[in-house]
Structures are given as C-alpha cells and as structure tokens.
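# Summary of structural features
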Amino acid sequence: MSERIPLPFPFGWFCVADSVELAPGELLKLRRFGQELLLFRGEDEEAHLLDAYCAHLGAHLGVGGEVVGNTVRCPFHAWRYDGSGQCVEIPYAKRIPRAAKIRSWRVCERNGLIFAWHHPDDAEPDWEIPEVPEWGAPGWTAPEQRDFQVRSHAQEMAENVVDPIHFQYVHGVPRTPDMQAEIDGHCFHAYQGLTFTTPRGEIQGRVDVRNYGPGFGVTRFQGVVETLLLITGIPIDDELHQTRIRFQVKEIEGNPEGTRGVARAFIAELERQYGQDIPIWENKIHLAQPVLCDGDGPIPLLRQFYRQFYPPRPDA
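Reference entry: report on the structure contained in this document. All values reported here derive from a predicted model rather than from experimental measurement. (Residues numbered from 1 in each chain as written. Predicted model: local features only at pLDDT ≥ 70, side-chain atom pairs only at ≥ 80, totals over all residues. Heavy atoms only, no water.)

Glancing now at the state of the cysteines. According to the stated counting rule, one finds 0 disulfides in the structure shown. Lacking any disulfide linkage, Cys87 is separated from the closest cysteine sulfur, that of Cys54, by 7.1 Å. (Disulfide = S-S within 2.5 Å.)

As structure tokens, then:
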C-alpha cells in the first residue's frame with residue numbers, strides 16, 4: 001500500500017490483455033499487482049499466466065524466452081514450463097526436481113479479453129465474468145479503445161462514477177441528476193438520467209453502469225445513440241493503475257457516416273473528461289472518513305462494495 005492511498009490491491013478478476021494481443025506461440029512480459037508476470041498462448045490456443053521467474057536460477061522467462069508447443073522455455077538453461085507452472089523438461093538432466101515449479105494464475109477468456117484471478121490467499125474464484133451479448137455483434141461499430149495509466153487506486157477512481165456533483169464543477173456538465181445505486185453481491189449497479197445537448201436541442205437519455213468486482217465494468221449509454229463501453233482496470237503497482245476503455249456504437253440505420261461522427265464525438269468527450277480527472281486523482285489523498293454532505297451521491301455505498309474485496313478488510 002502507498003502512504004498517500006493506504007488501500008491494498010483488491011481481489012477479483014482483472015484483464016491482463018485483449019485476446020487479439022496474444023496469438024498462438026506468442027508471449028507477453030507484464031508487470032501487474034507489483035509483480036513480474038508472463039502471459040503466453042500455446043499451440044492449443046489456451047492462454048496461461050505464470051510468475052515470470054524461472055525456479056532454477058531466476059531468469060525472466062519473458063526476456064528471451066519462447067513458446068514451444070504448449071510450454072514456455074527459459075532463455076537461460078532451456079527449462080520448459082507448462083501452463084500449470086510445472087517444469088516438464090530439463091534437456092540436460094535425468095530427473096526433474098519436485099520443486100521445479102512456478103506459480104500459475106487462474107485465467108478465463110471472455111468477450112475477447114483475457115482475465116486473471118487475483119487473490120492474496122489464492123482462494124478460488126467465487127464469481128465469473130459475464131458474457132456481454134452486444135460486444136462484437138452485427139449492427140455495432142468496430143471496437144475502439146483508449147488506455148490510461150494513472151497514479152491512483154481503483155477505488156479512488158471508481159468513486160467518480162457515483163459523484164455526480166464533480167461532473168458539474170470539473171467537467172462543466174450543466175445538470176447533475178440524482179444517481180441511484182445498489183449492491184448485489186459482487187456486482188455494483190448505478191444509473192441515472194442524462195440530458196445531451198445537440199445541434200437539434202436537448203435529448204433525454206440514460207447511463208447504466210454495472211461493475212463485476214473491481215476489475216470489469218460494462219456501461220451502456222442511451223440517448224443520441226446507443227453506446228457500449230467495456231472498461232477494465234488493473235493495478236500495476238502500489239500507486240499506478242491502468243485502465244482500458246473499449247467503445248462500440250450501435251449503427252444508425254442508413255447513416256454510417258453519422259454513426260462514425262457520433263462515435264468520434266463521444267470518445268473525444270470521454271477523453272476530455274478523463275484528462276480533467278487525472279490531475280485530481282494523482283494529487284488527492286484517500287480519507288478513510290471523509291466529511292460528506294447530503295448532495296454527494298452514493299460514495300459510501302461504493303466504499304461498502306469495495307470493502308468485500310480487501311482481505312483483511314481495512315477501514316476504507
């Protein structure tokens with residue numbers, strides 16, 4: 001935990017890569033949760049995530065290592081590890097030591113994303129990532145994405161979603177309608193009405209946010225046009241968080257150029273607002289007991305939601 005934001009890494013499913021970033025026979029060197037990790041895909045097309053260092057003499061498997069069949073080979077002495085982290089070959093040894101094993105992380109691949117389960121006690125997952133039926137479906141634009149790295153923490157950043165007042169004072173949004181929110185186990189659901197200002201006047205709409213644990217969110221906008229966001233976040237270290245936002249817009253029938261124009265405008269506005277939030281996130285401190293007033297929105301409810309993902313649970 002950092003001194004500025006004394007919150008631990010939450011546990012749950014976190015996206016370590018998009019599926020298209022990892023072809024069969026490829027590997028990716030990653031730093032996540034303050035650790036060096038290795039993601040690889042064997043010839044059977046299954047993705048695997050391992051701790052990065054060889055059990056032999058500590059070489060980094062992601063620096064000069066290579067995928068061989070359904071294993072990854074160490075660049076130092078050619079020890080090979082399968083997807084479970086077990087050493088399955090030492091080319092110059094008659095016997096493989098029992099301790100020749102490195103940690104393997106639980107992985108699932110869904111919605112074109114590769115997720116890893118993170119838990120400090122290595123507990124089994126108690127929920128799954130849902131399928132998002134619209135994602136990649138006909139009638140929607142091709143996905144676009146934007147990446148952000150922010151010196152902050154997932155909870156601190158998520159609080160902005162349920163803080164409607166900041167949209168007025170930080171982003172210049174003229175109206176701040178009430179936001180409703182609820183917790184359903186590992187799911188957090190928030191929604192509110194919106195007013196979109198267009199050249200043809202104001203259009204009423206709605207935003208619906210569903211977070212599945214601390215690492216995966218699905219946001220749907222309705223109004224000018226239907227827009228779908230898949231949002232993933234993952235801690236890189238104690239005070240650096242990576243967020244990737246993927247966009248799809250429902251095609252306006254008979255007007256592909258209009259659809260693209262709406263998508264460009266929407267993405268530009270989101271980038272503008274996110275950029276305005278970053279200096280606040282990167283310079284604020286976490287207050288375990290903030291002084292809140294009756295117009296602040298469901299921030300305490302979001303904190304209650306996050307507490308279930310902290311073992312042991314701090315006073316967050």
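Under the definition given, this model contains 25 salt bridges. Across the salt bridge formed by Glu226 and Lys250, the nearest N and O atoms sit 3.7 Å from each other. Note that Glu226 is positioned in the loop between β16 (216-222) and β17 (227-237) and Lys250 in the loop between β18 (240-249) and α3 (256-283), a separation of 24 residues in sequence. The exposure class of Glu226 is partly exposed, given its relative accessible area of 32%. Between Arg264 and Glu257 there is a salt bridge; the shortest N-O distance is 3.2 Å. Taking relative accessible area as the criterion, Arg264 reaches 48% and is therefore assigned partly exposed. The network of salt bridges with shared partners includes Asp18, Glu21, Asp147, Arg244 and Arg246. (Salt bridge = Lys/Arg side-chain N within 4 Å of Asp/Glu carboxyl O. Helix = DSSP H or I, 4+ residues; strand = E, 2+ residues; numbered from the N terminus. Buried < 20%, exposed > 50% of the residue type's maximum accessible area, 1.4 Å probe, protein only.)

Attention now moves to the sheet that holds strand β6 (residues 71-73). Reading across from one edge, β5-β6-β7-β8 is the order of the 4 strands in this open sheet, with antiparallel pairing throughout. Single-partner strands in this sheet number two, and they are β5 (66-68) and β8 (87-89). When β6 meets strand β7 (residues 80-81), the two strands line up antiparallel, connected through 2 bridges. By the bridge assignment, Arg73 is partnered in β7 with Arg80. (Pairing = 2+ DSSP bridges.)

Turning to helix α4 (residues 299-307), a few remarks are in order. Residues of α4 that are buried include every one of Ile299, Leu302, Arg303, Phe305 and Tyr306, and no others. End-on, the buried residues of α4 take up no more than an arc of 155°, which puts them together on one face. (Arc of directions from axis to C-beta.)

A word on the environment of Gly297. The topology assignment puts Gly297 in the loop between α3 and α4. On the basis of relative accessible area, Gly297 is assigned to the partly exposed category, the value being 35%. Along the sequence, Gly297 and Pro164 sit 133 residues apart, while their C-alpha atoms lie 6.6 Å from each other. With residues up to four places along the chain from it excluded, the contact list for Gly297 reads Val162 and Pro164. (Contact = heavy atoms within 4.5 Å.)

This is a description of form; function is not addressed.
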